[in-house]
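Given next are the chains, with one letter for each unit.
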Amino acid sequence: MLFLDEVCEFPRSHLEALRQPLEERRVAVARVRATVVFPAEFVLIAAANPCPCGHLGERSGSACRCPEDAITRYQSRLSGPMRDRIDMVVEVPRLGGEALLSGSSEEPTALVRGRVAAAQARQSERGAAIGVTANALLRGDQLLDVCQLDPGARDALTAAGERWHLSARACHRVLRVGRTIADLAGEERVGRGAVIEAFQLRGQAP
Amino acid sequence: MSRRCLVPGGAGWPAPVDDLAALHPSLRVVSLWVEGEQSELPELPGVAVVGARRASVAGLEVARRIAGDLARRGVTVVSGFAEGIDAAAHRGCLAAGGRTVAVLGSGLAVPYPRAHQGLRTELSLRGALMTAYAAWASPLRWHFPHRNRIIAALSLAVVVVEARAESGALSTARWAADLGREVLAVPGSILGRSNDGSNRLLRDGARPYLDVADLADLLPPSDAGPPPGCEDRRGRSEPPQSSGGAAPGQGGVAAHLLEVIGAEPIPRELVARALGLGARDLAVLVGEMELGGSVRTLPGGLVQRVHGPGGTR
């Protein structure tokens, strides 16, 4: 697990260096005498503010005080190819004092844990035949086999791909997330709902 | 790029500016610098669309729509090239194939605001930038009230979108009133302070702007009709998801969702509560409708209805 807090504060060159390990799951360090390859399997989690002051998009109206070009500059630290490699974007709105104090009625973590464990078991059981233990490790050519898309899901994928001009990599990533959503729900095939939800999680709005 | 200096009575001088001198001799504008590739200025007077620099998503959408409607009537859109509403008005006009004039509070050689250099290029190709200041004049604080009265003078009417009580757009409206131009304001929410100024204008007797028909008596009859090539109805009528895989009975919920959310972006959790849906079901529903093009999601967890020209579908 690699967690980068305030990811937009990192120099762009450092972030771009993550592209190879993210894609190939290994790091090649080239020196004069030799090139050494290290394994680098990790899940990248990054946190960022929407703008330098952190108030952009807040419900309370125009709380953000950043000039437009500062926002653009800030957000462009994370390049398009890097964004393309991020599967899920979750917005975390500020909680009002009332919501904080009222106590939450959310699902307890222990329940979620049970679901996650079941999904993982399902993944490794299915993957045992092809030597893949997690959905994230599925290669492009294995994906279609494993996902067993129903016709509705297939339609959704092609429609979204056309509408938002998705790269092949992006489509594969959506399928991996969709497979995981179906696993969490205990479904054998990846349905239209799972694919659509995967798109929503990607934050792929044009 | 071509820059030129206009003088009163000379070729290309926009005569409506002289109304300022009629108001008081000290207000006379003695020269205007113009940047634009076309040899003639867009037709003036036009209609000014002005408002807050820090505008809400909805406000920007409103400004874009008003400017687009004006452009389709063949009316020049005048604004102040500032961030927010002003820029949205210029963009909306250009996108509808219209012509627009930006009046600056700085010299033509000063790249201000910096974020707008792309817009500037487009504007100088298909409209004009205009200023009373010499090439290298900085955008100083007291330039803007002066700029505002030029905007008012160049317009038949001033439409104010989303202005706070202290907004410079109100000074444009005041100048417009002094010059005998019509002042209109788009009514806004009374929650928060972002519409205080424009709503107060309404209370003080400004005309409410609800659609372009509110300007009809001021504009020349639209004999020209919409200019050809303006992309209104996009040709691709999208069939509403006819695939067999869609969840059954979704049509009803989808219609309900469209009723719940309006053109104003609203938070997802409110939608979920209104429809009695869990976060997952809502994500699937919204995703489905986003794919169909009837809804869009915005930063901050907001959803908004997408209005095709003339309503939905």
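Draft legend 1. Spatial organisation of unusual backbone geometry. Note that the residue after Leu44 of chain B, namely Pro45 of chain B, is joined by a cis bond; omega there is 0°. Relative to the assigned elements, Pro45 of chain B resides in the loop between strand 2 (32-35) and strand 3 (46-51). Here Glu6 of chain A, not a glycine, exhibits a phi torsion of approximately 50°, which is positive. The residue Glu6 of chain A is located in the loop between strand 1 (2-4) and helix 1 (12-16) in this model. C-beta crowding within 10 Å serves as the criterion here: with 10 such atoms nearby, Glu6 of chain A is assigned to the exposed category. One non-glycine residue, Glu162 of chain B, adopts positive backbone phi at about 50°. The topology assignment puts Glu162 of chain B in the loop between strand 7 (155-161) and helix 6 (168-178).

Draft legend 2. Representation of the sheet that holds strand 11 (residues 295-298) of chain B within the structure. Residue and element names in this part refer to chain B. What the 3 strands build is an open sheet, ordered 10-12-11; its pairing is antiparallel. Because the sheet does not close on itself, it has two edges, and the strands there are strand 10 (266-267) and strand 11. Judged from the 2 bridges that link them, strand 10 and strand 12 (residues 302-305) form a sheet pairing that is antiparallel. The residue of strand 12 that forms the bridge with Pro267 is Leu302.

Draft legend 3. Examining the pairing of strand 8 (residues 182-185) of chain B more closely. Residue and element names in this part refer to chain B. Relative to strand 8, strand 7 runs parallel, the two being bridged by 4 bridges. Counterpart to Ala157 in the pairing with strand 8 is Glu182. For the segment spanning strand 7, helix 6 and strand 8, crossover handedness is right-handed. Pairing of strand 8 with strand 9 (residues 207-208) involves 2 bridges; the strand directions are parallel. Following the sheet pairing, Leu184 is matched in strand 9 by Arg207. Regarding topology, helix 7 (residues 196-203) serves as the crossover connection from strand 8 to the parallel strand 9, and that connection is right-handed.

Draft legend 4. Main features of the environment of Val101 of chain B. Residues and elements named next belong to chain B. You can see Val101 is positioned in strand 5 (residues 100-103). A tally of 30 C-beta atoms within 10 Å means that Val101 is categorised as buried. Excluding residues that lie within four positions of it along the chain, Val101 makes contacts with Leu41, Pro42, Leu44, Gly46, Thr76, Val78, Gly127, Ala128, Met130 and Leu154.

Each value, and the rule that gives it
- Residues numbered from 1 in each chain as written.
- Chains lettered and ligands numbered in written order.
- Predicted model: local features only at pLDDT ≥ 70, side-chain atom pairs only at ≥ 80, totals over all residues.
- Helix = DSSP H or I, 4+ residues; strand = E, 2+ residues; numbered from the N terminus.
- Buried ≥ 20, exposed ≤ 12 C-beta atoms within 10 Å, placed from the backbone.
- Pairing = 2+ DSSP bridges.
- Right-handed = clockwise from strand over helix to strand, strands pointing away.
- Contact = placed C-beta atoms within 7 Å.

No statement about biological role is implied by the geometric values presented.
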